[in-house]
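# Survey of secondary and tertiary structure
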Amino acid sequence: DNLALRSLPVDASEEDGPRTVPGACFARVRPSPVQNPRLVAMSLPALALLGLEAPAADAAAVEAEAALFFSGNRVPEGAEPAAHCYCGHQFGSFAGQLGDGAAMYLGEVLGPGGERWEIQLKGAGVTPFSRQADGRKVLRSSIREFLCSEAMFHLGIPTTRAGTCVTSDSKVVRDIFYDGNPKNERCTVVLRIASTFIRFGSFEIFKPPDEYTGRKGPSVDRNDIRIQMLDYVISTFYPEIQEAYSDNTIQRNAAFFKEITKRTARLVAEWQCVGFCHGVLNTDNMSIVGLTIDYGPFGFMDRYDPEHVCNGSDNTGRYAYNKQPEICKWNLGKLGEALVPELPLEISQLILEEEYDAEFEKHYLQKMRKKLGLIQLELEEDSKLVSELLETMHLTAGDFTNIFYLLSSFSVDIDPSKFEDFLEELTSQCASVEELKVAFKPQMDPRQLSMMLMLAQSNPQLFALIGTKANINKELERVEQFSKLQQLTADDLLSRNKRHWKEWLEKYRVRLQKEVESVGNADAWKTDRVKVMNSNNPKYILRNYIAQNAIEAAENGDFSEVRNVLKLLEHPFQEAEGFQEVKEDAQEEGAAATAAVCAQETRSRQSYCSKPPLWASELCVT
């Protein structure tokens, strides 16, 4: 039931190839077939949203059917393939028309629960928005998007879903690191599922020529389409707002903007609490219903570094971990501009200032309290305790995920011998001297750095074209840290780390003591505290090295590791018994999959919840 195509203008042109698409929100397309499609993996929980089941008794036939339909080789009955037109601010600059250059709307499915789901094929071929590209995606990026979409859902974070990942014998050429070393890679298609893939940039198609880039949207002066889009988005995805303000469009649009502001603030707070970095927070990668959307060079942070940049192409660190909240707010400002005149700018700006920071801070602190097991009292000092924890994590280069996970085994009345054991375990999750040397290894040749410093003094205008003060300062800091590390012994580091953690754990113990004093039954509180912590601090996340191991196996024709990792990520909060469930599920699908879990752990000598191996720090995702 393809409501979007009935509600919004569809381009009448049947012209092939990349082009400007004025006066329309969609353009009709056809998926391009691939050679010998085969299923890499499928998510049964995601497919169940569409009413699809996969009988285990007929696994081979099920996989063949999924590969046929979800590669784009056969279009399902009732589908109306189309590509969505949108614009966007990319890395802060307006880029003009972008659109679905590699994704295709197939249609909308009414699921068994009555929900409406838009389904999309990503990587199914050329669209009018492909620009100079081929509309294809490859195995490595598709596996990452497939796994992370499902990982985020099972972490409880709003996200688009991924139903299948299908690869093929069709090949495209890709220069992975943009360094002049292209290689052939397999065309791969991901089935994406969401209530809608409309994004902030969808409303930027009306933008007049930008004062900095000169670029404009393809539908300038088409306020009639802006009105249509607002009517469609609000009535379909915010029906309670449509109902409450049916007789006043300005109030209705203001209520919608307020709601998407709050949803976005809560979403980014959730990201910060699991150490997730999106990597490319352009306005065209921001969902109009508050979902995590478009998984590209994302990364879950390993060693806690507030300035962590997961995207190897983000040279200025615009989308660093600690900048995500302010960038999402900036993007909301651009959405507000795109809604004028249907929502006056002064109204959206006021809403943004009044709502965003307050909602982010409230949700972030609520979530952090759960992660620390502060379930009884809400004290003003909690914010400082969280900040001091993160500062300690930063000083000791602690593993973000594993340290939070360990804290549930710390108790108020821990005896001295057990405290030493706990401290030992906690500091084992901090970076070693060798790991720190890799992390702080200078990235510039000393002569280059010297030249840049001289240039910054003598010719600031030229320097501004080729570098930034922030980058130079970061490199100087790296040089200083690296120099200090040459004199640092492992014992010195351990002693220093233990001292930092003892200081923070004492503050944590005092705060937990206040919890105990406020309850009648301390034993029940202890049980509840551990339960809350263990359902908010994941044991398993999609670390880059885990994804890389799965990708390398898949590129060699073995999809079992992708399937094992998917099963693992469906139970991110579970301890050993949860992992047993994963293995049992895998056994039902075939003993080979279970054996592969063991083989993988043996091969890498790395469990899925370990700190990353040293080689992982060299991984670069662009």
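Residues numbered from 1 in each chain as written. Predicted model: local features only at pLDDT ≥ 70, side-chain atom pairs only at ≥ 80, totals over all residues. Heavy atoms only, no water.

## Notes on the overall build of the protein
Where we set the bar: Secondary structure counts use DSSP, requiring at least four H or I residues in a row for a helix and at least two E residues in a row for a strand, with both numbered from the N terminus. The size measure is the radius of gyration over C-alpha atoms, and the globule rule it meets is 2.2 Å times the number of residues to the 0.38 power. Here's how the labels work: a residue is buried when its accessible area is under 20% of the maximum for its type, exposed when over 50%, partly exposed in between, all with a 1.4 Å probe on protein chains only. A 1.4 Å probe and the Shrake-Rupley method give the accessible areas. Residues count as covered only by the protein chains that appear here.
For the protein, the helix and strand inventory stands at 22 helices and 13 strands. Rg of the C-alpha trace for the protein: 25 Å, near the compact-globule value of 25 Å for 622 residues, within the 12% margin. Principal-axis analysis of the C-alpha atoms places the extent of the protein at approximately 75 × 65 × 60 Å. In the protein, which comprises 622 residues, the share counted as buried stands at 53%. As presented, the protein carries roughly 27,300 Å² of accessible surface, and 50% of it is formed by carbon and sulfur atoms.

## As for helix α20 (residues 560-569)
α20 sits mainly inside the fold: nine of its 10 residues count as buried. Residues Ser560, Glu561, Val562, Asn564, Val565, Leu566, Lys567, Leu568 and Leu569 constitute the buried set of α20.

## With respect to a negative patch on the surface
Under the convention used in this document: For patch building, the residue pool is restricted to those with more than 30% relative accessible area and no salt bridge; the joining distance is 9 Å between like charges and 5 Å between nonpolar side chains (Val, Leu, Ile, Met, Phe, Trp, Tyr). For this document, the term salt bridge refers to a Lys or Arg side-chain nitrogen within 4 Å of an Asp or Glu carboxyl oxygen. We count Lys and Arg on the positive side and Asp and Glu on the negative side, and we leave His and both chain ends out. Taken as the charge location is NZ of Lys, CZ of Arg, CG of Asp or CD of Glu.
The grouping of Asp415, Glu420, Asp421 and Glu425 at the surface amounts to a negative patch. If you trace the backbone, Glu420 turns up in helix α12 (residues 416-427). Classification of Glu420 by relative accessible area gives partly exposed; the value is 35%.

## Focus: the domain arrangement of the protein
Stated formally: Start and end points for every domain follow an automatic or database-based domain assignment.
For the protein, the domain assignment lists domain 1 (3-338), domain 2 (382-436 + 488-535) and domain 3 (439-481). A separation of 37 Å is found between the C-alpha centroids of domain 1 and domain 3.

## Looking at the packing of aromatic side chains
Each aromatic ring pair is characterised by the separation of its centres together with the angle its planes make. To keep things clear, this is the line we draw: Note on ring pairs: Phe, Tyr and Trp rings are taken, using the six-membered ring of Trp, and paired if centres are within 6.5 Å. Classes follow the plane angle, with under 30 degrees stacked, over 60 edge-to-face and the rest tilted.
Taken as a whole and judged by the stated rule, the model has 19 aromatic pairs. Measuring from ring centre to ring centre gives 6.4 Å for Phe410 and Phe419, while their planes differ by 65°; the resulting arrangement is edge-to-face. Accessibility expressed as a relative area gives 1% for Phe410, which makes it buried. Classification of Phe419 by relative accessible area gives buried; the value is 17%. Where Trp501 meets Trp504, the ring centres are 6.1 Å apart and the plane angle is 90°; that geometry is what we call edge-to-face. Here Trp504 and Trp501 lie together in helix α17 (residues 490-517), a separation of three residues that amounts to about one turn. Take Trp501: its relative accessible area is 0%, and that puts it in the buried class.

## Description of helix α19 (residues 544-555)
As a reminder of what qualifies: Here, expected helix span is obtained from the residue count minus one, scaled by 1.5 Å.
With 12 residues, α19 should reach 16 Å at 1.5 Å per residue; the first-to-last C-alpha distance of 16 Å fits that figure. Of all the positions in α19, only Asn544, Tyr545, Ile546, Ala547, Asn549, Ala550, Ile551, Ala553 and Ala554 are classed as buried. Two residues or fewer past α19, Gly557 is found with a positive phi of approximately 90°.

## Quick look at the pattern of salt bridges
The final tally for this structure, using the stated rule, is 45 salt bridges. Notably, a salt bridge pairs Arg511 with Asp382, separated by 2.6 Å at the nearest N-O pair. Note that Arg511 is positioned in helix α17 and Asp382 in helix α10 (residues 382-395), a separation of 129 residues in sequence. Each member of the pair Arg511 and Asp382 is classed as buried. A salt bridge links Glu388 to Lys384; the nearest nitrogen and oxygen atoms lie 3.7 Å apart. Of the two residues, Glu388 and Lys384 are both situated in helix α10; the distance of four residues between them amounts to about one turn of the helix. Taken together, the shared-partner salt bridges connect Lys122, Glu145, Arg192, Arg199 and Asp294 into one network.

## Observations concerning the nonpolar core
It is characteristic of soluble globular proteins that their nonpolar side chains tend to be buried jointly. Threshold: The term nonpolar core refers to a set of buried residues drawn from Ala, Val, Leu, Ile, Met, Phe, Trp, Tyr and Cys, joined through side-chain atoms within 4.5 Å. Any pair of residues with heavy atoms lying within 4.5 Å of one another is described as a contacting pair.
Counting 156 residues, the largest nonpolar core has Phe203, Leu372, Leu407, Leu505, Tyr508 and Leu542 as its most contacted members. The leading source of residues in this core is helix α7 (residues 249-274), at 12 residues. Structurally, this core is a two-domain feature, drawing no fewer than three residues from each of domain 1 (3-338) and domain 2 (382-436 + 488-535). In this view, Leu505 contacts Leu407, Phe410, Phe419, Phe422, Leu423 and Leu426; residues no more than four positions away in its chain are not counted.

## Some thoughts on the packing of helix α9 (residues 345-371) against α10
The following threshold applies: To obtain each axis, a line is fitted to C-alpha atoms, and for helices this fit is confined to the stretch in contact; angles are then taken between N-to-C directions over 0 to 180 degrees. Note that the term roughly parallel is reserved for angles under 35 degrees, roughly antiparallel for angles over 145, roughly perpendicular for angles of 65 to 115, and oblique for everything else. Residue classes follow a fixed rule: Ala, Val, Leu, Ile, Met, Phe, Trp, Tyr, Cys and Pro count as nonpolar, while Asp, Glu, Lys and Arg count as charged, and any other residue, Gly among them, counts as polar.
It is at 10 Å that the axes of α9 and α10 come closest, and there the two elements cross at 70°. Classed by the angle they form, the pair α9 and α10 counts as roughly perpendicular. Residues Tyr364, Leu365, Met368 and Arg369 of α9 form the contact with α10, whose participating residues are Asp382, Ser383, Val386 and Leu390. Looking at side-chain class alone, the contact of α9 with α10 contains five nonpolar, one polar and two charged residues.

## Structural notes on the confidence of the model for the protein
The condition that has to hold: Per-residue confidence from the prediction method is given by pLDDT, with values spanning 0 to 100.
Overall, the prediction assigns the protein a mean pLDDT of 93, with 95% of residues at 70 or greater. Taken as a whole, residues 576-605 scores under 50 in pLDDT and shows 34 contacts with residues more than four places along the chain or in a different chain.

## Structural notes on unusual backbone geometry
In this model, Val340 is joined to Pro341 through a cis peptide bond whose omega is 10°. Here Pro341 lies in the loop between α8 (324-338) and α9. For Asn36, which is not glycine, the phi torsion reads 50° and is therefore positive. Mapped onto the elements, Asn36 comes out in the loop between β2 (26-28) and β3 (38-42). Judged by relative accessible area, which is 45%, Asn36 ranks as partly exposed. In this model, Phe91 sits at a positive phi of 50°, which is unusual for a non-glycine residue. Relative to the elements of secondary structure, Phe91 occurs in the loop between β5 (87-90) and β6 (93-97).

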